[in-house]
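Listed below are the residues making up each chain.
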Amino acid sequence: MSPLPYQSAHEELHFINRSGWLRAAVLGANDGIVSVASLIVGVAAADPSPTAVLIAGGAGLAAGAMSMAAGEYVSVSSQSDIERADIARETAALRDTPEEEERELASIFESRGLSQATAALVARELTEKDALGAHVREELGLSEVHAANPLQAALASGLTFSVAAAMPLIAAVLAPAGQVIPVVVGATLVCLALLGALGAQAGGAPKLPATLRVLFWGAAAMAITAGVGRIFGVSV
Ligand SMILES: [Zn+2]
């Protein structure tokens, strides 16, 4: 499956074929930055010792990357299980009741606006060419573009989580003593703005709403964890 934008016979570009891995990658990166930055800010608010901050950040990165990859693998695997079971059912129906299946295909085209005669002709020709392919595409709505690929999704989100989560961690390491929170918050907001714009660019969507969205939720997450960390810091 090529991540390049799909170019149809005429001019306009379509980005829909990027949606699968793009969604996993942006989700993984966003989660990586926000969860590890919030963890670092929360721990720094409770106990400023540099070691505690690095341990929390490193553990958060490892745990988050593994859970992200595992979660994506499990959820996409169950989706591909469902798709495979549907395709097996379709294969059996085509073997056992081919005429009925062809009528069903024709009725799908009729419901999309074709005349009865044209729909029957299209169904006939598609059935002759590749009956299963036609039913999988037209009836189940599955296509190459959206084929669930658990390993790809798991790797994409685990990897992007790790790379993204390393940003606030590096900022925490490089921050002057006592400046961990402002440096990590600043670096994180810059990274989130870049991620929002990049994700929108790759998906061919408007940049500003996407950027503001990730900035707002990132800032909210860090503010809340800093508050919780402050409360714990005072009470410990
Ligand atoms: Zn069918």
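Fair warning: this is a prediction, and the values are worked out from it, not measured in the lab.

Undergrad: Just to check I follow, could you spell out the overall build of the chain for this structure?
TA: The helix and strand inventory of the chain stands at seven helices and two strands. Element order for the chain, N to C, with α for helix and β for strand: β-β-α-α-α-α-α-α-α. Pairs at least 24 apart in sequence give 69% of the contacts found in the chain among residues at least 6 apart. About 13300 Å² of surface is accessible on the chain, with carbon and sulfur atoms providing 69% of the total.

Undergrad: Would you mind going over the nonpolar core with me for this structure?
TA: In summary, soluble globular proteins display a tendency toward joint burial of nonpolar side chains. Core analysis: the biggest nonpolar cluster contains 19 residues, and Val-36, Ile-40, Val-53, Phe-161, Ala-172, Val-180 and Val-184 have the highest contact counts within it. For this core, the secondary structure elements donating two or more residues are helix H1 (19-46), helix H2 (50-96), helix H5 (150-174), helix H6 (180-203) and helix H7 (207-235). Dropping the residues within four chain positions of it, Phe-161 is found in contact with Gly-28, Ala-29, Asp-31, Gly-32, Ser-35, Val-36, Gly-60, Leu-61, Gly-64, Ala-65 and Met-68. Core analysis: the next-biggest nonpolar cluster, separate from the first, contains eight residues, Ala-29, Ile-33, Val-34 and Leu-195 among them.

Undergrad: It is not clear to me how the UniProt feature "transmembrane region" (unreviewed entry) in the chain should be interpreted in this structure. Could you clarify?
TA: In the numbering used here, UniProt assigns the feature "transmembrane region" (unreviewed entry) to residues 21-46, 52-74, 153-174, 180-202 and 214-233. Span residues 52-74 is 100% helix and 0% strand, its end C-alpha atoms 32 Å apart. In this annotation, residues 214-233 is assigned 100% helix and 0% strand; the end-to-end C-alpha distance for the span is 28 Å.

Undergrad: For this particular structure, what's the right way to read the pattern of salt bridges?
TA: A side chain with one charge can pair with a side chain of the opposite charge if their charged atoms come near. Across all of its chains, the model carries seven salt bridges by this definition. Here Asp-81 makes a salt bridge to Arg-84, at a shortest N to O gap of 3.0 Å. Note that Asp-81 and Arg-84 are positioned in helix H2 at a spacing of three residues, about one turn of the helix. Its relative accessible area of 42% is what places Asp-81 among the partly exposed residues. Among the residues examined, Arg-84 registers a relative accessible area of 53% and is labelled exposed. Salt bridges sharing common partners tie together Glu-102, Arg-124 and Glu-128.

Undergrad: It is not clear to me how the packing of H2 against helix H3 (residues 98-111) should be interpreted in this structure. Could you clarify?
TA: A pair of packed helices is captured by two measures, namely the crossing angle of their axes and the spacing between those axes. Across the interface, H2 lies against H3 with an axial gap of 5 Å and an inter-helix angle of 115°. Listed contacts from H3 to Glu-90, Ala-93, Leu-94, Arg-95 and Asp-96 of H2 are Pro-98, Glu-101 and Glu-104.

Undergrad: How should helix H4 (residues 116-138) be read in this particular structure?
TA: Along an α-helix, residues three or four apart share an orientation, since each turn contains 3.6 residues. Counted at 1.5 Å a residue, the expected span for H4 with its 23 residues is 33 Å, but the 17 Å between its end C-alpha atoms falls short. Taken as a whole, H4 has its buried residues at Ala-119, Ala-123, Thr-127, Ala-131, Gly-133, Ala-134, His-135, Val-136 and Glu-138. Buried residues belonging to H4 abut H2 and H3.

Undergrad: Got a minute to help me understand the side chain of Ser-157 in this structure?
TA: Looking at the secondary structure, you find Ser-157 in helix H5. Since its relative accessible area comes to 0%, Ser-157 is described here as buried.

Undergrad: Can you help me understand the packing of H5 against H6 in this one?
TA: Running from amino to carboxyl end, H5 crosses H6 at an angle of 150°, the nearest separation of the two axes being 9 Å. With respect to their mutual orientation, H5 and H6 come out roughly antiparallel. The chirality of how H5 crosses H6 is right-handed. Here H5 contributes Met-167, Pro-168, Ala-171 and Ala-172 to the contact with H6, which in turn contributes Val-180, Val-183, Val-184, Ala-187, Thr-188 and Cys-191.

Undergrad: What should I look at first to understand the environment of Ile-231 in this one?
TA: Among the structural elements, Ile-231 can be located in helix H7. Residue Ile-231 is classed as exposed on the basis of its relative accessible area, which comes to 59%. Separated by 189 residues in sequence, Ile-231 and Gly-42 place their C-alpha atoms 9.7 Å apart.

Undergrad: Just to check I follow, could you spell out the packing of aromatic side chains for this structure?
TA: The geometry of an aromatic ring pair comes down to the distance between the two centres and the angle between the two planes. Considering all chains together, one arrives at one aromatic pair under this definition. Relative to Trp-217, the ring of Phe-216 lies with its centre 4.9 Å away and its plane at 80°, an arrangement referred to as edge-to-face. On the basis of relative accessibility, which here comes to 57%, the residue Trp-217 falls in the exposed class.

Undergrad: Would you mind going over the side chain of Thr-188 with me for this structure?
TA: Considering the arrangement of structural elements, one finds Thr-188 in helix H6. On the basis of relative accessibility, which here comes to 1%, the residue Thr-188 falls in the buried class. Once residues lying within four places of it in the same chain are set aside, the contact partners of Thr-188 are Ile-33, Ala-37, Pro-168 and Met-222.

Reading guide: rules and limits
Residues numbered from 1 in each chain as written. Predicted model: local features only at pLDDT ≥ 70, side-chain atom pairs only at ≥ 80, totals over all residues. Heavy atoms only, no water. Helix = DSSP H or I, 4+ residues; strand = E, 2+ residues; numbered from the N terminus. Contact = heavy atoms within 4.5 Å. Areas by Shrake-Rupley, 256 points an atom, 1.4 Å probe, with all protein chains shown as cover. Core = buried A, V, L, I, M, F, W, Y, C linked by side-chain atoms within 4.5 Å. Buried < 20%, exposed > 50% of the residue type's maximum accessible area, 1.4 Å probe, protein only. UniProt positions renumbered as here; feature names shortened; annotations may be inferred. Salt bridge = Lys/Arg side-chain N within 4 Å of Asp/Glu carboxyl O. Axes fitted to C-alpha atoms, helices over the stretch in contact; angles between N-to-C directions. Expected span 1.5 Å × (residues − 1). Parallel < 35°, antiparallel > 145°, perpendicular 65-115°, else oblique. Left-handed = near helix turned anticlockwise from the far one by under 90°. Phe/Tyr/Trp six-rings, centres within 6.5 Å; stacked < 30°, edge-to-face > 60°.

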